[in-house]
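# Structural overview
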Amino acid sequence: MKRHRSKPNLTTAAAVPPTPSTPPPPLTLRPTPKPQSISSKKPRNILSHLTHPKPIPTHQQNPQTPKWVPLNLSKSELSLPLTFPTGQTFRWKQTDHHNHIQYTGVVGSHLVSLKQLENGDVAYSFHRTANEASARLALLDFLNAGICLTDMWEGFSASDPRFAELARRLGGARVLRQDPLECLVQFLCSSNNNIGRITRMVDFISSLGNYLGSVGGLDFHEFPSLDRLSQISEEELREAGFGYRAKYIIGTVDALQSKPGGGAEWLASLREIDLQKAIDALSTLPGVGPKVAACIALFSLDQHQAIPVDTHVWQIATRYLIPELAGTRLTPKLCSRVADAFVSKYGKYAGWAQTLLFIAELPSQKTLLLSDSCISGCQKPVKQKGRRSSGPIDGDNAQKLGIKEQEADEKL
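Report on the accompanying structure. Nothing here was measured: the structure is a model prediction, and the numbers come from that model.

Conventions used here
- Residues numbered from 1 in each chain as written.
- Predicted model: local features only at pLDDT ≥ 70, side-chain atom pairs only at ≥ 80, totals over all residues.
- Heavy atoms only, no water.
- Helix = DSSP H or I, 4+ residues; strand = E, 2+ residues; numbered from the N terminus.
- Buried < 20%, exposed > 50% of the residue type's maximum accessible area, 1.4 Å probe, protein only.
- Areas by Shrake-Rupley, 256 points an atom, 1.4 Å probe, with all protein chains shown as cover.
- Polar contact = N/O pair within 3.5 Å; in protein donor to acceptor, adjacent residues only side chain to side chain.
- Pairing = 2+ DSSP bridges.
- Contact = heavy atoms within 4.5 Å.
- Axes fitted to C-alpha atoms, helices over the stretch in contact; angles between N-to-C directions.
- Phe/Tyr/Trp six-rings, centres within 6.5 Å; stacked < 30°, edge-to-face > 60°.
- Lys NZ or Arg CZ within 6 Å of the ring centre and 35° of its normal.
- Expected span 1.5 Å × (residues − 1).
- Arc of directions from axis to C-beta.
- Parallel < 35°, antiparallel > 145°, perpendicular 65-115°, else oblique.
- Nonpolar A, V, L, I, M, F, W, Y, C, P; charged D, E, K, R; others polar.
- Salt bridge = Lys/Arg side-chain N within 4 Å of Asp/Glu carboxyl O.

A few words now on the overall build of the protein chain. Along the backbone of the protein chain there are 18 helices and seven strands. By the burial criterion, 53% of the 412 residues in the protein chain qualify as buried. If you sum the accessible surface of the protein chain, you get close to 18400 Å²; carbon and sulfur atoms cover 52% of it.

Spelled out as structure tokens, the structure:
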């Protein structure tokens, strides 16, 4: 799930002072889908205790720094490094590399930073927003905060010892609920690409939106509207290094603008239909195949059982879920079998489970996890014939391995 020439000039500007914190109104809760297979127990909606945050005591804050307010989400519910730099979104940046784990991004028109506190809890600070109460609600919605990750992990862990150990080590890996248009464009950029280049492309697209401010020397913009995106040409995108993806982005923008009621409304309506219909609808857009459609469905359309299947997920599935297929080549037909295997194992939240299993295979996490003898001892992976075990293959190391990534992923 991964997921130059030209990139937007980054000019440092003073961050806009945060607005005073005000208690938010009561929340209107979004219903949480009921999980299947693993457990009939419904994950708790944890928004009830997030309604009235208490600011961090002033003696613990530097008056020259932004005002931080606890989000009342523990590390087991939200781990910033296991959520933001793992391929779900490419618009959030690490803005404190020294004292804290801090990521900054944009939710709607709100510029916000999140920080992991010393006790593991998460605090937030708005750098720019017209209404902090509505901004907080938008942030909680973006974080899918109504879904209790702890309850879900307990259900999965009860029947899967390997998942239980991974969840213990990698707790807080949360699936985001992004704006559908923003998510769609990001994953159009991800086709046959590596994370660094995807990020540069997304930065270029983002720079077309309204400028909101600078944090940690990085500029942040509101994501551009469909109307604004329609004003950029394919030639401009190609000059910016988008390659063949330029025609897909332009074609998708044109297709969305032709939708009755507007493209943004059409995308949002896909949250109300079943997964296969949402995948089929997204796949009518230029450049959107089943894998990209599944990413969009999982990360923005409330389709919690969506499984984006690529070579990395295929390796996970053949090691732990369908070992009888180890050593065979992934085909479009087998993609459906992989997705079915995850759903059969983990139920309606299979996409969340798959996200954790995918993160565990990232190089940054794999080295740490391999040192834990329990993980390798709980369930040994099946050795694939004729292949050496390897980590995720992105655009860079695919070339080293002599693999044409377009053949591996684009056809799926």
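So, next bit.
What follows is about unusual backbone geometry. In this structure, Asn72 takes a positive phi of about 60° despite not being glycine. As for its placement among the helices and strands, Asn72 is situated in the loop between strand 1 (69–70) and strand 2 (93–96). Even without being glycine, Asn192 reaches a positive phi, approximately 50°. A relative accessible area of 13% means that Asn192 is categorised as buried.

The subject of this paragraph is the side chain of Asn192. Tracing the backbone shows Asn192 in the loop between helix 4 (180–189) and helix 5 (195–206). At 2.8 Å, the side chain of Asn192 and the side chain of Tyr244 are in polar contact.

With respect to topology, five strands assemble into an open sheet ordered 1-5-4-3-2, the strand pairing being antiparallel. Both outer strands of the open sheet, strand 1 and strand 2, are each paired with one neighbouring strand and no more. The sheet contact formed by strand 3 (residues 101–107) and strand 4 (residues 110–116) spans seven bridges and is antiparallel. In the sheet register, Gly105 faces strand 4, and the bridge partner there is Val112. Those strands touched by helix 1 (residues 132–142) are strand 1, strand 3, strand 4 and strand 5 (122–128), and its axis lies near 130° from that of strand 5.

Moving on, we come to the pairing of strand 3. Here strand 3 lies mainly inside the structure; six of its seven residues are buried. Note that strand 2 and strand 3 share three bridges and pair antiparallel. The residue of strand 3 that forms the bridge with Gln94 is Tyr103. Taking the residues that link successive antiparallel strands as the turn, the strand 2-strand 3 hairpin has four residues. Hairpin connection of strand 3 to strand 4: two residues between the antiparallel strands, including Gly108 at a positive phi of 65°.

Two aromatic rings, taken as a pair, are described by how far apart their centres are and by the angle between their planes. Scanning the model with the defined rule gives 15 aromatic pairs in all. Their ring planes at 20° and their centres at 5.9 Å tell us that Phe187 and Phe299 sit as a pair that is stacked. Within this pair, whereas Phe187 is found in helix 4, its partner Phe299 is found in helix 11 (residues 290–300), the two being separated by 112 residues in sequence. Each member of the pair, Phe187 as well as Phe299, is classed as buried. Taken together, the aromatic side chains of Trp153, Phe156, Phe163, Phe342 and Tyr346 make up a single cluster linked through ring pairs. A cation over a ring is seen here: Arg162 above Tyr320, with NZ or CZ 3.7 Å from the ring centre. In this structure, Lys259 packs its charged tip against the face of Trp266, placed 4.2 Å from the ring centre.

Next up on the list: helix 13 (residues 332–346). Along its 15 residues, helix 13 runs 22 Å from first to last C-alpha, staying within 8% of the 21 Å computed at 1.5 Å per residue. For helix 13, the set of buried residues is Leu334, Cys335, Val338, Ala339, Ala341, Phe342 and Tyr346. Viewed end-on, helix 13 has its buried residues packed into an arc of 155°, placing them on one side of the element. Facing away from the buried surface of helix 13 by more than 90 degrees, the exposed residues are Lys333, Asp340 and Ser344. Taken together, the buried residues of helix 13 touch helix 2 (149–158), helix 3 (161–169), helix 12 (311–320) and helix 14 (350–360). Of the residues flanking the end of helix 13, it is Gly347, one or two places downstream, whose phi is positive at about 80°.

In this section: helix 1. What helix 1 keeps buried is the set Glu132, Ala133, Ala135, Arg136, Leu139, Leu140 and Phe142. Those residues of helix 1 hidden inside the fold are in contact with strand 1, strand 3, strand 4 and strand 5. Once helix 1 finishes, Asn144 follows within two positions and takes phi at roughly 55°, a positive value.

A few words now on the packing of helix 13 against helix 14. Where helix 13 contacts helix 14, the two axes come as close as 9 Å, and the packing angle between them is 105°. Relative to helix 14, the element helix 13 lies roughly perpendicular. Note on element contacts: helix 14 touches helix 13 through Ala350, Ala353, Gln354 and Leu357, opposite Phe342, Val343 and Tyr346. Partitioned by chemical class, the residues of the contact of helix 13 with helix 14 number six nonpolar, one polar and no charged.

Tracing the backbone through its elements, the reader meets Asp179 in the loop between helix 3 and helix 4. When the C-alpha atoms of Asp179 and Leu267 are compared, they prove to be 9.3 Å apart, with 88 residues separating the residues in sequence. Polar contacts involving the side chain of Asp179 include one to the main-chain amide nitrogen of Glu182, which spans 3.0 Å.

Attention now moves to the pattern of salt bridges. Scanning the entire structure with this criterion turns up ten salt bridges. The salt bridge partner of Arg174 is Glu77, with a shortest N-O separation of 2.6 Å. In this pair, Arg174 is assigned in the loop between helix 3 and helix 4 and Glu77 in the loop between strand 1 and strand 2, connecting sequence segments 97 residues apart. Note on Glu77: relative accessible area 6%, which makes it buried. As a salt-bridge pair, Arg337 and Glu324 come within 3.1 Å of each other at their nearest N and O atoms. Of this pair, Arg337 sits in helix 13 while Glu324 sits in the loop between helix 12 and helix 13, and the two are 13 residues apart along the sequence. It is possible to trace a salt-bridge network through shared partners that takes in Asp141, Arg177 and Asp302.

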